[in-house]
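Descriptive structure summary
The lines below spell out each chain.
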Amino acid sequence: ALNELYHPTLSRLTKHLNLLHLCGVVPCRKRQLRQRIRELQLGGFKRHTNSERMAMRQQSMQLDEEQAKQQAPGAQQAASDAADTAAAADDESSLAAAAGAADPAAAGAAADEAAAAAAVLPPDAPVITFVIKADVQGSAEAVRDAMIAAAAGKVHLKVVYCGVGAVSASDVHLAAATGARLIAFNLRPPAPDIDAALKTAKVEVLQHRVIYHLLDEVEACIAEAESGGAGGQGSLAEQVLGSATVLQVFPLLQNRKEVGKVAGCRVQEGSLQVSSGVVFRVLREGEVVYEGPCSNLRQHKNNVSAVGKAGECGVVLDEGRFGGYKPGDVVQCVQQRTVRG
């Protein structure tokens, strides 16, 4: 009867506790309210002795333990389900690993075919040699595999070194000693001292950022070797296709952020072209301040492959990273070709 009579008090205390919780009242006051609510739930609305309160606390702890035991099977089941899921994931990863172990054999079929084709070639078939340098190991290996596939059944293609990083003096010495061409894929132009060493050693450099352009030049080397031009290194022949004057320098914007420089130029002689085997030079008072690939030519905000005499265009060199232009500089478009005796 007392519990029924004072049930509104219990409800009011509970609401009071929730309100204090929302208001951030000190924990000691909330603990007192929780204890009083527990006393009302267990023994009704009356004053209790210390022994009675101790007994109710023990009863409350027993109730909490029973609730924890009831929840434990569910937790164990959840843990079991998680373990089953992890085991299934392990099985799937094992299957994936097994598939990956099978895939290299399938992926290596092309390499095996290339090796078989090379074995069919006569011993006196032409041999072309390369040193490969790239920005990352995956790119270097992809270039090597593509070159071997392109040469299969045509010439013996030998890669004496396949590595990562900028072209170094040791790469120049190795290429010169073995009579190899040096491939620089997705790399910046060599440092001035390395570039001078390459020219002194007459090492032919194939520098590209797009693998299709590189393969075009490799296939040209293969065709040249098939026609009887393979052998030691030859002299490097150059032909100036065109020249332009830098009128103004503009920022190269990408997503409204400056990522490089664009040289606004007017073509004075010949034409500027973006094609395989073509390099661009920036001359200042007769001194070369840049030599390397041209990323693109821009005319009226469009990328073009060539710009003729008297035409104006924007020249982007090395993806815009080269920005040392000055008005009055001369930009040359040079076709390089190795002539073998």
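Above this text is the structure in question.
Structural notes, computed from the coordinates. All of these numbers come straight from a predicted model, not from anything done at the bench. (Residues numbered from 1 in each chain as written. Predicted model: local features only at pLDDT ≥ 70, side-chain atom pairs only at ≥ 80, totals over all residues. Heavy atoms only, no water.)

A look at the packing of helix 6 (residues 169–178) against helix 7 (residues 192–201)
How we decide: Lines fitted to the C-alpha atoms define the axes, with helices restricted to the stretch that makes contact. Angles between their N-to-C directions range from 0 to 180 degrees. Runs of E in the DSSP output that reach at least two residues are strands. Runs of H or I that reach at least four are helices, and both are numbered from the N terminus. An angle counts as roughly parallel when it lies under 35 degrees, as roughly antiparallel when it exceeds 145, as roughly perpendicular when it falls between 65 and 115, and as oblique in every other case. What makes two residues a contact is simply this: any of their non-hydrogen atoms within 4.5 Å. Lys, Arg, Asp and Glu make up the charged group, whereas Ala, Val, Leu, Ile, Met, Phe, Trp, Tyr, Cys and Pro make up the nonpolar group; the residues left over, Gly among them, are polar.
Packing of helix 6 against helix 7 leaves a shortest axis separation of 10 Å and a crossing angle of 10 degrees. With respect to helix 7, the axis of helix 6 lies roughly parallel. For the pair formed by helix 6 and helix 7, the contact residues are Ala169, Val172 and Ala176 on the first element and Ile194, Ala197, Leu198 and Ala201 on the second. Taken together, the residues of the contact of helix 6 with helix 7 break down into seven nonpolar, no polar and no charged.

Focus: helix 5 (residues 137–151)
Threshold: An expected span of 1.5 Å times one less than the residue number is assigned to each helix. Each residue is placed in one exposure class: buried if its accessible area under a 1.4 Å probe, protein chains only, is under 20% of its type's maximum, exposed if it is over 50%, and partly exposed if it falls in between. For this quantity, the arc is that covered by the directions from the helix axis to the C-beta atoms.
Its 15 residues place the ends of helix 5 21 Å apart at the C-alpha level, agreeing with the 21 Å of an ideal helix rising 1.5 Å per residue. Taken residue by residue, helix 5 has Ser139, Ala140, Val143, Met147, Ala150 and Ala151 as its buried positions. Angularly, the buried residues of helix 5 cover 100 degrees about the axis, an arc narrow enough to put them on a single face.

Regarding the packing of aromatic side chains
Put simply, the rule reads: Only centres within 6.5 Å qualify two rings of Phe, Tyr or Trp (six-membered ring in Trp) as a pair; their planes then separate them into stacked at under 30 degrees, edge-to-face at over 60, and tilted for everything else.
Applying the stated criterion to the full structure yields two aromatic pairs. Aromatic side chains Phe322 and Tyr325 sit 5.0 Å apart centroid to centroid with 80 degrees between the ring planes, which places their arrangement in the edge-to-face category. Across the pair, exposure class does not vary: Phe322 and Tyr325 are buried alike. Joined through ring pairs, the aromatic side chains of Tyr290, Phe322 and Tyr325 make up one cluster.

Quick notes on the nonpolar core
Rules: Here, the term nonpolar core denotes a set of buried Ala, Val, Leu, Ile, Met, Phe, Trp, Tyr and Cys residues that are joined through side-chain atoms within 4.5 Å.
The biggest cluster of nonpolar side chains holds 21 residues, and the ones touching the most others in it are Leu272, Phe280, Val315 and Leu317. Where this core is concerned, the elements lending two or more residues are strand 5 (235–254), strand 6 (257–270), strand 8 (278–284), strand 10 (294–299), strand 13 (312–317) and strand 14 (330–339). Residues within four places of Leu317 in sequence aside, it is in contact with Phe280, Val282, Tyr290, Pro293, Cys294, Ser295, Phe322 and Tyr325. Among the nonpolar cores identified, the runner-up in size contains 20 residues, and Ile132, Val143, Phe185 and Leu214 belong to it.

Observations concerning the pairing of strand 10
Looking along a regular strand, one sees the side chains alternate between the two faces of the sheet. The test is simple: Pairing between strands is defined by DSSP: at least two bridges between the two strands are required.
As paired elements, strand 10 and strand 13 share four bridges and run antiparallel to each other. Bridging across to strand 13, Asn296 finds its partner in Val316. Examined bridge by bridge, strand 10 and strand 11 (residues 302–304) share three bridges and lie antiparallel to one another. Directly across from Gln299, in strand 11, lies its bridge partner Asn302. Counted between consecutive antiparallel strands, the loop separating strand 10 from strand 11 contains two residues, among which His300 sits at a positive phi close to 55 degrees.

A few points about the layout of surface pockets
Formally: Definitions used for this entry: grid spacing 1 Å over protein atoms alone; cavity, a set of points where a 1.4 Å probe fits but cannot get out; pocket, an open set with protein on both sides within 12 Å along at least 5 of 7 lines; lining residue, one with an atom within 4 Å of a point. Grid points are joined across faces, edges and corners, and a volume is the space filled by probe spheres set on the points.
Taken as a whole, the second largest pocket encloses approximately 400 Å³ of empty space. For the second largest pocket, the lining is made up of 16 residues, of which Phe250, Val262, Arg298, Cys313 and Gly314 are closest to its centre. Put simply, the parts of the chain that give the lining of the second largest pocket at least two residues each are strand 5, strand 6, strand 10 and strand 13. Tallying contributions element by element places strand 5 first for the lining of the second largest pocket, with six residues. Its residues assigned to classes, the lining of the second largest pocket comprises eight nonpolar, five polar and three charged.

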